[in-house]
Amino acid sequence: MNNSQTAYRTNLDEVSFIRPILIVLMVLYHAMCIHTGNWTMIDGMTLIPAYKEIGKVAYSFMLESFVFISGYVWAYQRETRGKKEGFWILCKKKAMRLMVPSVLFSIAYMLLFMRDNFSILGLIEGAGHLWFLPMLFWCFLIGWGILQLKLSPKIILPVLYLVSLIRPVGLPLRLSYTLYFLPFFFLGHSHRRISIQSASWSKCLWALMLPMKGSSSLNFRSGFMYGSIRFTSRSFSLLKNSM
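All values derive from a computational prediction rather than experimental measurement. (Residues numbered from 1 in each chain as written. Predicted model: local features only at pLDDT ≥ 70, side-chain atom pairs only at ≥ 80, totals over all residues. Heavy atoms only, no water.)

### What to know about the overall build of the protein chain
Within the protein chain one finds 11 helices and zero strands. Listing every helix and strand of the protein chain by position from the N terminus yields α-α-α-α-α-α-α-α-α-α-α. A burial count over the protein chain gives 41% of its 243 residues as buried. For the protein chain, contacts bridging at least 24 residues in sequence account for 70% of all contacts bridging at least 6. Surface exposure of the protein chain reaches about 13,500 Å², of which carbon and sulfur atoms provide 65%. (Helix = DSSP H or I, 4+ residues; strand = E, 2+ residues; numbered from the N terminus. Buried < 20%, exposed > 50% of the residue type's maximum accessible area, 1.4 Å probe, protein only. Contact = heavy atoms within 4.5 Å. Areas by Shrake-Rupley, 256 points an atom, 1.4 Å probe, with all protein chains shown as cover.)

Below is the structure:
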């Protein structure tokens, strides 16, 4: 086996295919966000309904898909490459990769835009758009704890889904966000860990998750993630077998 073959086998081509699309959607949403009502309109600005719908579609599954991919890649590292760290090692690694950048950029963000609301809790929680990093940090730590239970995903995923629906709002340290995104994180982990062809229950779970944001465009979420992962996985598998 040569080096190129080894590199190819350790590269998740399906993720490499999907991630740039999600990045484009993220940029697209932030370009259209002001038309969705999530940002304050500028005086004299005209609201364009088409831009509003584009922004809603781009946002409807974009963040969930990023979290899904995080769980998917984590399962690859644990199950395929055997990197099953202990809790404190995982905590240290994810703190360096997620929390440290979040705190550093939050300091800059607060000094520039939130001087009157500067606080230690705000730094830990992530200022502005940086909330995503602490949320993902907790997904990894809670996910590690869930895996120690050694329960079937058929049990864990519905429970996480129900918890996300009844989660308290306004929990500190972005834990409310974490409880919402945990089903997507763990579904990504299970998607990689279990053959998707035999995991018909995952399709049902996607259908259950569709109303979670209350958007008419949420069909894109399940169709995009499930279809893209399955299509690209099969395509690259066929390509490798034919070489």
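### Focus on a nonpolar patch on the surface
A surface patch of nonpolar side chains, about 280 Å² in accessible area, is lined by L28, I48, Y51 and I54. Within the secondary structure, I48 sits in the loop between α2 (13-36) and α3 (49-60). (Patch = residues over 30% accessible without salt bridge, like charges linked within 9 Å, V, L, I, M, F, W, Y side chains within 5 Å. Salt bridge = Lys/Arg side-chain N within 4 Å of Asp/Glu carboxyl O.)

### Some remarks on the nonpolar core
Counting 43 residues, the largest nonpolar core has F132 and F181 as its most contacted members. Taken together, the elements giving at least two residues each to this core come down to α2, α4 (62-80), α5 (87-113), α7 (132-147), α8 (153-166) and α9 (175-193). F181 has contacts with L63, E64, V67, W131, M135 and C139, leaving out every residue within four places of it along the chain. (Core = buried A, V, L, I, M, F, W, Y, C linked by side-chain atoms within 4.5 Å.)

### Description of the pattern of salt bridges
Under the definition given, this model contains four salt bridges. E79 is the salt-bridge partner of K84, the closest N and O atoms lying 3.8 Å from each other. The salt bridge partner of E85 is K93, with a shortest N-O separation of 2.7 Å. According to the relative accessible area criterion, E85 is buried, its value standing at 15%. The partly exposed category is assigned to K93, whose relative accessible area is 38%.

### Quick word on the packing of α2 against α3
A pair of packed helices can be characterised by two numbers: the angle between their axes and the separation between those axes. Orientation of α2 relative to α3, taken along the N-to-C sense of each, is 135°, at an axis distance of 8 Å. Between α2 and α3, the angle falls in the class oblique. Classified by chirality, the crossing of α3 by α2 is left-handed. Between α2 and α3, the contacting residues are L25, L28, Y29, M32, H35 and T36 on the first element and Y51, K52, I54, G55, K56, A58 and Y59 on the second. Residues that form the contact of α2 with α3 fall into these classes: eight nonpolar, three polar and two charged. (Axes fitted to C-alpha atoms, helices over the stretch in contact; angles between N-to-C directions. Parallel < 35°, antiparallel > 145°, perpendicular 65-115°, else oblique. Left-handed = near helix turned anticlockwise from the far one by under 90°. Nonpolar A, V, L, I, M, F, W, Y, C, P; charged D, E, K, R; others polar.)

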